[in-house]
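# Summary of the model geometry
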Amino acid sequence: MEYVNVSEKQRQLHAKTLKVVILSQILAGAGLAAGVTVGALLAQDMLGTDQYAGIPSGLITLGSAAAAYGVGRLTQRWGRRPGLAIGFMIGGLGAVGVVLSALFNSVPLLFFAMLLYGAGTATNLQARYAGTDLALPTHRAKAISMAMVFTTFGAVAGPNLVTLTGRFAVSLGAPPLSGPFMLAAAAYLIAGLVLFVFLRPDPFLVAKAVAEKQRLESITNDVKQSRTNENVANKKGIVIGATVMVLTQIVMVAIMTMTPVHMQHHGHGLGAVGIVIGIHVAAMYLPSLITGVLVDKYGHIAMSYVAGVTLLLSGLLAAFGPGDSMVVLVLALALLGLGWNFGLISGTAAIVHATPPQIRAKTQGTVDVLIALGGASGGALSGMIVAQSSFTTLSLAGAFLSLLLIPVVLWVRKKKGE
């Protein structure tokens, strides 16, 4: 294959892959924002109680866990293109199901559709790996950040289109809260189509072929031992990367899920909710380019500690700040998104560095399953914690868990002998 033997062709394919992934991420960002912004409010409206408002978020992340596993296995065997395209298509069908559940006021359909919708969330995260397949080892975090930063455009636009899409839904005879999911359905389906049509040759399959060629050459050149070490998974790196991403996901999802309900209780309207969540999502993705450079320069361990401290500050501010203050809410949710960004990129870089192409996609999918399950638990428990106690208790729990990130990573490093 031409791309396997010619380094310049690999660089060209890497550049093309980034462009295709960026386009899909802009679209996917808009789809991702719907569940974040109005998922809990839609459940609250249909169920008539706050106690179970966190369930849709839990179902979304549970669905994303199943999808992450499936997309990872599909990618390992057939490549990024079919894995990502199918994942986004399923997410789009889930968004359609949410709209239908709102139309017919069907709670069972809502819950099932949220599971399918979660596939879009998982695929959106899996897409960040596509940019690393042919990237140089010293530029992998930057490649991850390039794939993520453009999610910001759709993700910020989505929450701020809540009112507009709500009016559009009403004009069609549907509940206003179903409007963002109409946008999500179109966004996810088009993103899947873009990847299916344009992501060729498949970067992951090329990367696997290049790694296999290098392995065979190393055997031929009698330097098998030095090359073999590059093809063995670094279990310590996998454990650290997974730990960082799972803990940051739990904290972020738990606090984010109940913020719209918390705001509603303090008299804020949908427009204000859209602004706060839009800024939160911007903080999740927009700093990615800077984060990628920092991770490449200072290492994923140092940035994992920074993630823990940032999430701690977010939790404390959300817990003790006045609920009727937009400034406090914006700052708390911005720090929440920023801490998540630090954790995700540093954790992702750790996983990519720790895995050879022969098992990389499968490992990435498995880790993303753990991330999704962590988010599912955070989302599902958040409503119950708030109903039984308060939003302050939930935020303090998140602050404690984020602070726990630092000793956990230190313990893993010590245990592994570093």
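About the cut-offs
- Residues numbered from 1 in each chain as written.
- Predicted model: local features only at pLDDT ≥ 70, side-chain atom pairs only at ≥ 80, totals over all residues.
- Heavy atoms only, no water.
- Helix = DSSP H or I, 4+ residues; strand = E, 2+ residues; numbered from the N terminus.
- Buried < 20%, exposed > 50% of the residue type's maximum accessible area, 1.4 Å probe, protein only.
- Contact = heavy atoms within 4.5 Å.
- Areas by Shrake-Rupley, 256 points an atom, 1.4 Å probe, with all protein chains shown as cover.
- Lys, Arg positive; Asp, Glu negative; His and termini not counted.
- Charge placed at Lys NZ, Arg CZ, Asp CG, Glu CD.
- Phe/Tyr/Trp six-rings, centres within 6.5 Å; stacked < 30°, edge-to-face > 60°.
- Lys NZ or Arg CZ within 6 Å of the ring centre and 35° of its normal.
- Core = buried A, V, L, I, M, F, W, Y, C linked by side-chain atoms within 4.5 Å.
- 1 Å grid on protein atoms, 1.4 Å probe; cavity = no way out; pocket = protein on both sides within 12 Å on 5 of 7 lines; lining within 4 Å.
- Points joined across faces, edges and corners; volume = space filled by probe spheres on them.
- Nonpolar A, V, L, I, M, F, W, Y, C, P; charged D, E, K, R; others polar.
- Axes fitted to C-alpha atoms, helices over the stretch in contact; angles between N-to-C directions.
- Parallel < 35°, antiparallel > 145°, perpendicular 65-115°, else oblique.
- Salt bridge = Lys/Arg side-chain N within 4 Å of Asp/Glu carboxyl O.
- Expected span 1.5 Å × (residues − 1).
- Polar contact = N/O pair within 3.5 Å; in protein donor to acceptor, adjacent residues only side chain to side chain.
- Bend = angle between axes of the 7 residues up to and from the residue.
- Patch = residues over 30% accessible without salt bridge, like charges linked within 9 Å, V, L, I, M, F, W, Y side chains within 5 Å.
- pLDDT = per-residue confidence, 0-100.
- Left-handed = near helix turned anticlockwise from the far one by under 90°.

## As for the overall build of the protein
Looking only at helices and strands, one finds 18 helices and zero strands in the protein. Along the three orthogonal principal directions, the C-alpha set of the protein runs to about 70 × 45 × 30 Å. Out of the 418 residues in the protein, the part that is buried amounts to 57%. For the protein, restricting intrachain contacts to residue pairs at least 6 apart in sequence, the fraction spanning at least 24 positions comes to 86%. Total accessible area on the protein stands at roughly 16,200 Å², and carbon and sulfur atoms take up 69% of it. Of the side chains in the protein, 27 bear a positive and 14 a negative charge, and the two mean positions are spaced by 4 Å.

## Some remarks on the packing of aromatic side chains
On inspection of all chains with the given rule, the structure shows four aromatic pairs. Taken together through their ring pairs, the aromatic side chains of F88, Y117, F181 and Y188 make up a single cluster. Sitting over the face of the ring of F196, R81 holds its NZ or CZ atom 4.6 Å from the ring centroid.

## With respect to the nonpolar core
Counting residues in hydrophobic clusters, the biggest one holds 89 residues, and the most contacted among them are L42, F181, L336 and W340. The biggest single contributor to this core is helix α12 (residues 235-265), with 17 residues. Ranked by size, the runner-up nonpolar core spans seven residues in total, among them A65, A67, A122 and A372.

## As for the environment of L405
For L405, the position within the fold is in helix α18 (residues 391-415). Placed 97 residues apart in sequence, L405 and G308 show a C-alpha to C-alpha distance of 5.7 Å. With near-sequence residues (within four places) excluded, L405 lies in contact with T243, V244, L247, T248, S304, A307 and G308.

## Describing empty space enclosed by the protein
Applying the stated criterion across every chain yields a total of three cavities of 30 Å³ or more. Every residue lining the second largest cavity is listed: T61, S64, A68, T121, A122, L125, Q249, D368, I371 and A372. Elements that contribute at least two residues to the lining of the second largest cavity include exactly α3 (55-78), α5 (107-130) and α17 (357-388). Per-class residue counts for the lining of the second largest cavity are five nonpolar, four polar and one charged.

## Quick look at the packing of α3 against helix α4 (residues 80-104)
A packed helix pair is summarised by two numbers, namely the angle formed by the two axes and the spacing between the axes. Where α3 meets α4, the axes come as close as 7 Å, and the angle between the chain directions of the two elements is 150°. With respect to their mutual orientation, α3 and α4 come out roughly antiparallel. For the pair α3 and α4, the contacting residues are V71, L74, T75 and W78 in the first and R80, P82, G83, L84, I86 and G87 in the second. The class makeup of the residues in the contact of α3 with α4 is six nonpolar, three polar and one charged.

## Observations concerning the pattern of salt bridges
Under the defined criterion, the tally for this structure stands at two salt bridges. In this structure, the salt-bridge partner of E8 is R11, at a minimum N-O distance of 2.6 Å. Here E8 pairs with R11, and both are found in helix α2 (residues 7-47), just three residues apart, close to one helical turn. Here D133 ties to R80 by a salt bridge, and the two come within 2.8 Å at their closest N and O atoms.

## Description of the environment of L109
Residue position: L109 is located in helix α5. Note on L109: relative accessible area 28%, which makes it partly exposed. Sequence-wise, L109 and G94 are 15 residues apart; in three dimensions their C-alpha atoms are separated by 9.9 Å.

## A word on unusual backbone geometry
Most of the time, phi is negative for any residue but glycine, and the peptide bond is trans. Put simply, R200 and P201 share a cis peptide bond, and its omega is -10°. Along the chain, P201 turns up in the loop between α9 (179-198) and α10 (203-220). Although it is not a glycine, N105 sits at a positive phi angle of roughly 50°. On the basis of relative accessible area, N105 is assigned to the exposed category, the value being 53%.

## Digging into α5
With 24 residues, α5 ought to run about 34 Å at 1.5 Å a step, and its terminal C-alpha atoms sit 36 Å apart, in line with that. α5 sits mainly inside the fold: 17 of its 24 residues count as buried. One side-chain oxygen of the residue at the start of α5 lies 3.3 Å from the amide nitrogen of L109, identifying that residue as S106.

## A few points about α17
Taking 1.5 Å per residue as the helical rise, α17 with its 32 residues ought to reach 46 Å, and the 47 Å between its terminal C-alpha atoms agrees with that figure. At L381, α17 shows its strongest bend, of approximately 30°.

## A short note on the side chain of T165
Among the structural elements, T165 can be located in helix α8 (residues 162-171). The contact partners of T165, leaving out residues within four places of it in the chain, are G179, P180 and L183.

## With respect to a nonpolar patch on the surface
Together, V96, L100, L103 and F104 line one region of the surface with nonpolar side chains, adding up to about 370 Å² of accessible area. Its place among the elements puts V96 in helix α4. Judged by its relative accessible area of 35%, V96 falls in the partly exposed class.

## Topic: the confidence of the model for the protein
Summarising the model, the protein shows a mean pLDDT of 84, and 91% of its residues fall at 70 or more. Low confidence marks residues 223-230, where pLDDT is under 50. Its contacts with residues over four positions away, or in another chain, come to five contacts.

## Section: the packing of α4 against α9
Put simply, α4 and α9 touch, their axes get as near as 8 Å, and they point 165° apart. Judged by the angle between their axes, α4 and α9 are roughly antiparallel. In this structure, the crossing between α4 and α9 has a hand that is left-handed. Here R81, L84, A85, F88, M89, G91, G92, L93, A95, V96, V98 and V99 of α4 lie close against α9, whose contacting residues are F181, M182, A184, A185, Y188, L189, A191, G192, L193, L195 and F196. Residue classes in the contact of α4 with α9 are distributed as 19 nonpolar, three polar and one charged.

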